[in-house]
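What the coordinates show
Here's the letter readout for the chains.
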Amino acid sequence: MQKSIERVQTGVRLEKRLLKVLKGLAEHLDISLGDLIEGMALHAFENKPPFSDETLDKIRQLKSVYDLDLSAADSHKLKDETDAGA
């Protein structure tokens, strides 16, 4: 049974290569970027892995294609070069 929800438009800023990987993954999974992010967040809130081994392989491929060298260890340590005083 599907649940009725209300979605809102948001202006989220993301690292450029990360966004490319997320868009590529959403395209591969044939879902919207918003659906992908919602699913990742809901899984994370329950400490459940959001991706199968097959999907993780696709993510590795997309990271290679888009030269994404960031990892979870980089989280909260990123500095936007467009920020004032960079």
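Shown above is the structure to which this text applies.
These numbers were taken from a predicted model, which means no experiment stands behind them.

Thresholds applied
- Residues numbered from 1 in each chain as written.
- Predicted model: local features only at pLDDT ≥ 70, side-chain atom pairs only at ≥ 80, totals over all residues.
- Heavy atoms only, no water.
- Helix = DSSP H or I, 4+ residues; strand = E, 2+ residues; numbered from the N terminus.
- Buried < 20%, exposed > 50% of the residue type's maximum accessible area, 1.4 Å probe, protein only.
- Contact = heavy atoms within 4.5 Å.
- Salt bridge = Lys/Arg side-chain N within 4 Å of Asp/Glu carboxyl O.

**Here's the deal with the side chain of Thr-55**
- The topology assignment puts Thr-55 in helix H3 (residues 53–65).
- Residue class for Thr-55 comes out buried when judged on its relative accessible area of 11%.
- In this view, Thr-55 contacts Leu-25 and Leu-29; residues no more than four positions away in its chain are not counted.

**Re the pattern of salt bridges**
- A complete count under the given rule lists seven salt bridges for this structure.
- For Arg-7, the salt bridge goes to Asp-35, with nearest N and O atoms at 3.1 Å. Here Asp-35 lies in helix H2 (residues 33–45) and Arg-7 lies in the segment before helix H1 (16–29), a separation of 28 residues in the sequence.
- You can call Asp-35 partly exposed: its relative accessible area is 34%.

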